[in-house]
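Architecture and fold: a report
Chain by chain, the residues:
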Amino acid sequence: MLTVPEFAKRKKQKEKITMITCYDASFARILSESPIEVLLIGDSSSMVMQGEDSTIQASPESMVFFTKSVANGTKGRKFLVSDMPFLSTRKGLRFAVDCAETLLKAGAHAVKIEGILGNEKLVSHLVESGIPVMGHLGLTPQFVNAFGGMKVQARSPEDQERLQAQARQFQDYGAFAVVLECIPSAIASKITNDLSIPTIGIGAGSGVDGQVLVLQDMLGFNPEFKPKFLRTYLDGKSLFIDAFHSFHEEVKSAHFPNEQESYL
Ligand code: KIV
């Protein structure tokens, strides 16, 4: 299993890091038998698992539920990062520490925090308390209302300068890695070259230190969702629908179950 000190080593050795979201024990068991190094229990769970239209609906309780489910599936075989959900870092240090504590007790090895502004003290307090922090910058989905939608961020030189400074801040306050989401490749590469901690990109081009995708998106469960950055590795929706058709037809035609599938 990858550990926190190994993240910086990976960067030094120019070995890319792979991360995929996961929210349940079934997929966690399968992913544990794969080479994927990091599982992210993202607050995208509110969209993927609960059908909400943003990550705003994720709560400390739902994040603990999904984290525990994944940890039950991996049984210590993968490094787990859980998202600190919407506003959990903005209700005072005590609330945030309690939230991070419940996520670690549910099985996470680290927490991910969207945005550094106003979270500076919290990041160093968590890190000094033994709770590793992964930062998240760029298109941080918890800020969807402030951004006016899910739009590529940091297009202007001023925004790019601000973003680079924020990535630096995450590093300076003790984060061990930073996710860069939906930003131009050139600024993602520039930030990556500027930091000693690894960057993990989603929609940030190839010049970053690792890549993350949402599991159900990369498996093609939701083919209508086609952002530019997404590559699908399976035609999952069609495969599942074919299986459901087969079951339905075999039941209707009395071909399932057969004698071997029945108790005598
Ligand atoms: O919640 C999530 O799935 C994420 C990734 C997209 C990085 O934060």
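Here we summarise the structure given alongside this text. All of these numbers come straight from a predicted model, not from anything done at the bench.

**Examining the site of the ligand**
- Within the structure, the ligand sits among Thr21, Leu40, Gly42, Asp43, Ser44, Asp83, Lys112, His136, Glu181, Ile202 and Val214.
- One of the side-chain nitrogen or oxygen atoms of Ser44 is found 2.5 Å away from an oxygen atom of the ligand.
- A distance of 2.8 Å is found between an oxygen atom of the ligand and a side-chain nitrogen or oxygen belonging to Lys112.
- Broken down by class, the residue content of the shell around the ligand amounts to three nonpolar, four polar and four charged.

**As for a positive patch on the surface**
- On the surface, Arg29, Lys68, Lys75 and Arg77 cluster together into a positively charged patch.
- Residue position: Lys75 is located in the loop between α4 (60-74) and β3 (79-83).

**Things to note about the packing of helix α2 (residues 25-32) against α4**
- It is the contact of α2 with α4, at a shortest axis distance of 7 Å, that shows an interaxial angle of 40°. Considering the angle they form, α2 stands oblique to α4. Note on packing geometry: the crossing formed by α2 with α4 is right-handed. Taking contact as the criterion, the partners of Ala25, Ala28, Arg29 and Ser32 in α2 are, on α4, Ser69, Val70, Gly73 and Thr74.
- Of the residues that constitute the contact of α2 with α4, the class distribution is three nonpolar, four polar and one charged.

Thresholds applied
Residues numbered from 1 in each chain as written. Predicted model: local features only at pLDDT ≥ 70, side-chain atom pairs only at ≥ 80, totals over all residues. Heavy atoms only, no water. Near = heavy atom within 4 Å. Polar contact = N/O pair within 3.5 Å; in protein donor to acceptor, adjacent residues only side chain to side chain. Nonpolar A, V, L, I, M, F, W, Y, C, P; charged D, E, K, R; others polar. Patch = residues over 30% accessible without salt bridge, like charges linked within 9 Å, V, L, I, M, F, W, Y side chains within 5 Å. Areas by Shrake-Rupley, 256 points an atom, 1.4 Å probe, with all protein chains shown as cover. Salt bridge = Lys/Arg side-chain N within 4 Å of Asp/Glu carboxyl O. Lys, Arg positive; Asp, Glu negative; His and termini not counted. Charge placed at Lys NZ, Arg CZ, Asp CG, Glu CD. Helix = DSSP H or I, 4+ residues; strand = E, 2+ residues; numbered from the N terminus. Axes fitted to C-alpha atoms, helices over the stretch in contact; angles between N-to-C directions. Parallel < 35°, antiparallel > 145°, perpendicular 65-115°, else oblique. Left-handed = near helix turned anticlockwise from the far one by under 90°. Contact = heavy atoms within 4.5 Å.

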